[in-house]
Amino acid sequence: MIGGIFILSGAGLSAESGLRTFRAADGLWEDHRVEDVATPEAFVRDPELVQRFYNERRRQAKEAQPNAAHKALAKLQKTHSAPVYLITQNVDDLLERGGATQVIHMHGAVKDALCAACSHRWAAPMEMRVSDACPSCGAMKTRPDIVWFGEIPYHMDVIQDALEASDLFVSIGTSGTVYPAAGFGQMARQFGIRTLELNLEASNAPFDEMRQGAASDIVPTWVDEILANSPSL
């Protein structure tokens, strides 16, 4: 019987919900260089462009619907006899809308705003503007609550504790190229934790087992297998 399960998800989990994967083959993200929209320097250089970019990501995320993979992971979290830790690199809320709880967003959430002056967080309006003032301190330094390149991901201590408490590490829909998330699999192997990759295409990282296919197909199948061997709560 498998105990705690640590699940790391990436853009491939939400691709079938209509959200494009993080970076296309040409190196662009939604037709923009990541250096122009996803770094602190980009926000200083052209905050209006960055706000427009994330306004569109926010709109797309709201219109998207959870797919079968999101719902299967929520089912696993609710039904498995041991803890299921859901850690995602995605900034959408499709896991939560699919029924999951206590999702750890290591790269932030597009539905939230952050004050760069006092670190206050609040629910972002659909259209954020450079002139928006922080509701806490009044500073006009409102930005999306997104971890950009060059910034430290959120909840790293909690994530490491969850990994060490797990018996199985599962990577779903992630290329394994963005650190520190790309190092979680290696960390799991150092702890003697079994590793599994569920992905449309195999990544370059070594796993004990790899299953290839669309997330909405292979994730529900895998979840059913786990639950068939898990005592009821």
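All values reported here derive from a predicted model rather than from experimental measurement.

## Observations regarding the sheet that holds strand E1 (residues 5–9)
So, step 1. In space, the six strands of this open sheet follow the order E5-E4-E1-E9-E10-E11, with parallel pairing throughout. Edge positions in the open sheet fall to strand E5 (104–105) and strand E11 (209–212), since each of these has one partner strand only.
So, step 2. Both strand E10 (residues 194–199) and E11 contribute to a ladder of four bridges, which runs parallel. If you follow Leu-198 over to E11, its bridge partner there is Arg-211.
So, step 3. Lying over the sheet, helix H7 (residues 156–164) contacts E1, strand E4 (84–88), E5 and strand E9 (168–172), oriented at roughly 135 degrees with respect to E1.

## Here's the deal with the sheet that holds strand E6 (residues 108–115)
So, step 1. Read from one edge of the open sheet, three strands run E7-E6-E8, paired in antiparallel fashion. Looking at strand neighbours, the two that pair on one side only are strand E7 (121–123) and strand E8 (142–146), the edges of this open sheet. Strand-to-strand twist across the sheet, computed as the mean angle between neighbouring axes with direction ignored, equals 45 degrees.
So, step 2. Packing of helix H4 (residues 47–63) onto the sheet brings it into contact with E6 and E8, and relative to E8 it is tilted by some 50 degrees.

## Side note on the packing of helix H5 (residues 68–79) against helix H9 (residues 215–228)
So, step 1. Contact geometry of H5 with H9 gives a least axis separation of 8 Å together with a crossing angle of 15 degrees. Between H5 and H9, the angle is such that the two are roughly parallel. Judged by the twist between their axes, the crossing of H5 over H9 is left-handed. Across the interface between the two elements, Ala-68, Ala-69, Ala-72, Leu-73, Lys-75, Leu-76 and Thr-79 of H5 pack against Ala-215, Ser-216, Val-219, Pro-220, Trp-222, Val-223, Asp-224, Ile-226 and Leu-227 of H9.

## Overview of the domain arrangement of the protein
So, step 1. Annotation of the protein at the domain level lists domain 1 (1–19 + 66–107 + 152–232) and domain 2 (20–63 + 108–146).
So, step 2. Across the domain 1/domain 2 interface, buried area totals approximately 1000 Å², and carbon plus sulfur atoms make up 56% of it.
So, step 3. Summed over the three residues of domain 1 that lose the most area to domain 2, namely Leu-19, Val-91 and Tyr-154, the buried surface amounts to 52% of that side.
So, step 4. One can count zero salt bridges joining domain 1 with domain 2.

## Remarks on the nonpolar core
Most often, soluble globular proteins keep nonpolar side chains buried together rather than apart.
So, step 1. With 25 residues, the main nonpolar core has Ile-5, Ile-7, Leu-73, Leu-76, Val-170, Val-219 and Trp-222 as its most contacted residues.
So, step 2. For this core, the secondary-structure elements that each account for two or more residues are E1, H5, E4, E9, E10 and H9.
So, step 3. In terms of residues, this core owes the most to one element, H9, which gives seven residues.
So, step 4. Beyond its immediate chain neighbours, meaning those up to four positions away, Trp-222 contacts Ile-5, Ile-7, Leu-73, Leu-76, Leu-168, Val-170, Leu-196, Leu-198 and Arg-211.

Criteria and cut-off values
- Residues numbered from 1 in each chain as written.
- Predicted model: local features only at pLDDT ≥ 70, side-chain atom pairs only at ≥ 80, totals over all residues.
- Heavy atoms only, no water.
- Pairing = 2+ DSSP bridges.
- Helix = DSSP H or I, 4+ residues; strand = E, 2+ residues; numbered from the N terminus.
- Contact = heavy atoms within 4.5 Å.
- Axes fitted to C-alpha atoms, helices over the stretch in contact; angles between N-to-C directions.
- Parallel < 35°, antiparallel > 145°, perpendicular 65-115°, else oblique.
- Left-handed = near helix turned anticlockwise from the far one by under 90°.
- Domains from an automatic or database assignment.
- Buried area = accessible area lost by both parts, 1.4 Å probe.
- Salt bridge = Lys/Arg side-chain N within 4 Å of Asp/Glu carboxyl O.
- Core = buried A, V, L, I, M, F, W, Y, C linked by side-chain atoms within 4.5 Å.
- Buried < 20%, exposed > 50% of the residue type's maximum accessible area, 1.4 Å probe, protein only.

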